[in-house]
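Here are the chains, one letter per residue:
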Amino acid sequence: MSLSAKDKLAVKTFFDKVASKAEDIGSEALARTLFVYPQTKTYFSHWADLSPGSPQVKKHGLTVMNGVLSAVGMMDDLKGGLLTLSELHAFMLRIDPANFKIINHNLLVVLSLMFPEDFTAEVHVSVDKFLAQVSLSLSEKYR
Amino acid sequence: MVEWTDFERTTIQDIFSKMNYEVVGQQALARCLIVYPWTQRYFGNFGNLYNAAAIMGNPMVAAHGKVVLHGLDRAVKNMDDIKAAYAELSVLHSEKLHVDPDNFRLLGDCLTIVVAAQLGAGFTPEVQAAFQKFLAVVVSSLRRQYH
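Residues numbered from 1 in each chain as written. Chains lettered and ligands numbered in written order. Predicted model: local features only at pLDDT ≥ 70, side-chain atom pairs only at ≥ 80, totals over all residues. Heavy atoms only, no water.

Draft legend 1. The overall build of chain B, seen in detail. What chain B contains, in helices and strands, is nine helices and zero strands. For chain B, the N- to C-terminal ordering of α and β elements is α-α-α-α-α-α-α-α-α. Taking 2.2 N^0.38 as the reference for a compact globule, 147 residues should give roughly 15 Å; the C-alpha atoms of chain B span a radius of gyration of 15 Å, in line with that estimate. For chain B, the C-alpha atoms occupy an extent of roughly 45 × 40 × 20 Å along the three principal directions. For chain B, buried positions account for 49% of its 147 residues. Taking the contacts inside chain B whose residues are at least 6 apart along the sequence as the reference set, 73% of them involve residues at least 24 apart. When the accessible area of chain B is evaluated, it comes to approximately 7,300 Å², of which 56% is carbon and sulfur surface. (Helix = DSSP H or I, 4+ residues; strand = E, 2+ residues; numbered from the N terminus. Rg over C-alpha atoms; globule rule 2.2 N^0.38 Å. Buried < 20%, exposed > 50% of the residue type's maximum accessible area, 1.4 Å probe, protein only. Contact = heavy atoms within 4.5 Å. Areas by Shrake-Rupley, 256 points an atom, 1.4 Å probe, with all protein chains shown as cover.)

Draft legend 2. Summary view of the side chain of Asp7(A). Residues and elements named next belong to chain A. The topology assignment puts Asp7 in helix 1 (residues 5-18). Judged by relative accessible area, Asp7 falls into the buried class, the value being 7%. The residues touching Asp7, leaving out its near neighbours within four places in the chain, are Ser2, Ser126 and Lys129.

This is the structure we're talking about:
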């Protein structure tokens, strides 16, 4: 299920449009991940405040979203481009890769509610494929 | 027996009482067929499903989307025993329609995304949690009679 030229164009066009809202998108997606899938909170036991509006959630949401946005520019070689981030997730953070699917789902939900006109079915399928490829590349160094 | 909080019950009743079944049903099924094209395997007689535009404009998809969405009414009306309420439909999907139960989750995800677009900011994390819990119970009940 690799990215066609059409997918790459759809992804790039859509994310260029919404990039300015990176903090809102990222923090909402992260907040929903923590709230709707409480098992994900286990990775953040060192945070004081895990509630949706918390400054830590906001800041980290932006970090995650910036990662996604940088991946948009690497679509021709996601594995190579995300090598360092993969090492980070595999060796330092050791996040179970099953969780990538969870945050991806919440990203889609947030994009849909924030940009209902732009997040058409065609954009949805390309973004879903893109996020799946990002997750795969992030999982690369796990074993 | 699934435990529902008052908030969850109210949220589910609210979403479905305000639901535009025609629009949301069509959108959710069309999106499922577009985003997960292998689901088209169950709709060989639906005519033109060749591309997103065709799927979006297909009247059989629209009609069937509405049927499927109304299928959820059974759960909305019987929240305290969804398992029993879906026993018959579960047998139907398994024995007659031969639908891989993984598809229930895929359609559920598309429905969540369509409802999110409809409700916008009103689709808060709390509402999302209630809605997804509801769909998870429905999906589990639909899987129940498979053997």
